[in-house]
Amino acid sequence: MAMVGFALAKQKLDQGDYLETLQILNHCTDLTNDPCMMDLLGATFEKLGMEADAASIFEQAAQHFSDNKLALLKKAARLFLASGDKKKAEFHALQILQLKPDDPDAAFMLINLLKTHKDQAIVGHLKYNLIGSDEPAHLELAHRLCGEDRSDDRLLPLFRKLAFLAPENLEIVSVLASFAREYADYDTLDALALADRSTPPPELPMERLLWCGNDALNRISGRITPSVPFDPAARKRRRSAPHRWGAKLKIGYISSDLRPDHVVMRQLGAVLRSHNRDRFDITLFCNAADPAADKRRFLSAFGRPVDIAGLSDGKAAKQIRRQELDILVDLGGHTGNSRAALLNYGLSPVQVSWLGFPDSVTGIDADYIIGDAVVTPDTSAPFYGEKFCRLPETYMPNDPSVRPMPTDAGRAAYGLPEDAFVFASFNAPKKVTPSVAAVWARILNGTQGSLLWMTGRTRTAEENIRQRFAKLGVDPMRIVFAPAVRSYEEHIDRMRVADLGLDPFPYNGHATTSDCLWAGLPIVALKGTNFASRASESQLRAMGIADLVAKSEDDYCALAIKLFGDRARVRHYKDKLDAARLVAPLFDSERFCRHLETAYEMMALRAKSGLEPDHLDVPALPARG
């Protein structure tokens, strides 16, 4: 009889005859003992718009029927919320999470119910549940709450789903591509195929450089939004404004990275100390978040520190303008936490971009970019808003005084086999593009008995890298990941135990290349097509080993394979680097500083003469004896 009554009631419910359904159910004497009957009763009340009654039915059913408790609690919570009973909705959502801690529906409900400040810790935990859902509303809320923090690999699947839901949303596509690069998600990068698109999605300039070596495309990356817009008319007024030039050139540097433990100071420190104080007055505009007293104490050895951290653009611009500078040099460009937009206030007769961003700083009022003949050749000039100021040997400064002399720690300390040929890359996984991985796999497949020693940084990236190399025919056990080091000294020492470095492209090693060459590790590099992809060639030339720059990917493979079979030649390069460490231009900070000072004087001379900025080639000092 119960089965007949249920079937008839279900039929009436499906037909939309809800009152008749209730009448049938009222005649069922065993209603409360049958989970199907209770579920049908609750559904009927819901159809009649009686959410509170329906919620109570499902609540009662969840208490009596454990087999379907989770589904019943979800219905009760949803309907209590719809009826306005937020307390009961919250109570049942918490019950759901006790049964299923990662449930996205309960998390979504609770997040929308918990509004007070004290609830934010709970929301911070629950937001990750939403990523497990396929509901657009859940995923959009997850995006709103989680943001786009590239250091959180839990967000990678979120942006995969968001991009699948809205493939026409190019900003989401570009964020997904950024996450995929960060965690070496090669399958996603292959699917996105950014390089094959006639119009790539808008990206942050640094993101575009990681995969694109095309100057024209990099110029239109599309997500450049300086806090102070660039105004060509303001640039013209700045250049023509009267200026009082003194006996000394007053140089100002802006950076968020003027800190003792930052790579910028390992590059620049000795150059700043070497400035001729009789001819140059140096001011350092520091945007680092360190305590003010610590910044003053550290930076006083390099110049006059002026703290601009925490200041609005307008207030920071006033601080800079008070110094009445002749030349203002931004060291950040389009990088994180940069204050490059301050140049758009027109703070100095001459404004310069250098070091932090290896490309044109589109949207920023810079007269010059400091480069060299390798990274900024004439062929790139049409794609730059700045004029080139080319230093004679390399654009890359280095401070040898803070670099530890490398020691031979031995491979055992790093778990590497003594008899293997060790190729190495200490660059971030995001620089190891699918094309780079394919080339490196060709090298490994052509050099049996070798291994590749890399920095993976996260377990997710390491797993993805091993999977890609396996697809390319390389035993994943031949990919060895270097653990995090405790100090810069250990970082230098470990480089020395490898045989040969492999440089990524189109975004080269830059500071990592300097570290390798200082440690005595020769690297094979590919000749580039833009600033970021030419950085290693610039440094290899400055160390006298430009023959390690290959003209093509095939030549790159062939050179690495040839060196694998010629250990004597590898030893020759290592000995040459050791001998050149303290005399080659790459690490001769005093000589570099003299060239840089000449560059500043050439810039100033044009400005004093009322001439527009133009390309400048700084003459080289005589070679050291």
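Now for a look at the structure at hand. (Residues numbered from 1 in each chain as written. Predicted model: local features only at pLDDT ≥ 70, side-chain atom pairs only at ≥ 80, totals over all residues. Heavy atoms only, no water.)

**As for the sheet that holds strand β10 (residues 479-481)**
With parallel pairing, the six strands of this open sheet are ordered in space as β10-β9-β8-β11-β12-β13. Two strands bound the open sheet, and with one partner strand each, they are β10 and β13 (549-550). Bridging between strand β8 (residues 421-425) and strand β11 (residues 500-502) involves two bridges; their strand directions are parallel. For Ala 424, the partnering residue across the bridge sits in β11 and is Gly 501. In this fold helix α24 (residues 553-564) packs onto β8, β9 (450-454), β11, β12 (523-526) and β13, with an angle of close to 170° to the strand it touches most, β12. (Pairing = 2+ DSSP bridges. Helix = DSSP H or I, 4+ residues; strand = E, 2+ residues; numbered from the N terminus. Contact = heavy atoms within 4.5 Å. Axes fitted to C-alpha atoms, helices over the stretch in contact; angles between N-to-C directions.)

**Here's the deal with the packing of helix α3 (residues 35-47) against helix α4 (residues 51-64)**
Relative to each other, α3 and α4 sit at 165°, their axes nearing to 7 Å. The angle between α3 and α4 places the two elements in the roughly antiparallel class. Of the two possible hands of crossing, α3 and α4 adopt the one that is left-handed. Each of Met 38, Asp 39, Leu 41, Gly 42, Ala 43, Phe 45 and Glu 46 in α3 lies in contact with α4, whose residues at this interface are Asp 53, Ala 54, Ile 57, Phe 58, Gln 60 and Ala 61. Here the residues of the contact of α3 with α4 are counted per class, giving eight nonpolar, two polar and three charged. (Parallel < 35°, antiparallel > 145°, perpendicular 65-115°, else oblique. Left-handed = near helix turned anticlockwise from the far one by under 90°. Nonpolar A, V, L, I, M, F, W, Y, C, P; charged D, E, K, R; others polar.)

**So, empty space enclosed by the protein**
One pass over the full model with this rule turns up three cavities of 30 Å³ or more. The space that makes up the largest cavity amounts to roughly 60 Å³. Among the elements of the structure, β8, β11 and α22 (511-519) are those that each provide at least two residues to the lining of the largest cavity. Roughly 50 Å³ of internal volume is contained in the second largest cavity. Forming the walls of the second largest cavity are Leu 391, Pro 392, Glu 393, Thr 394, Pro 585, Asp 588, Arg 591, Phe 592 and His 595. The element that contributes the greatest number of residues to the lining of the second largest cavity is helix α26 (residues 589-608), accounting for three residues. Taken together, the residues of the lining of the second largest cavity sort by class into four nonpolar, two polar and three charged. (1 Å grid on protein atoms, 1.4 Å probe; cavity = no way out; pocket = protein on both sides within 12 Å on 5 of 7 lines; lining within 4 Å. Points joined across faces, edges and corners; volume = space filled by probe spheres on them.)

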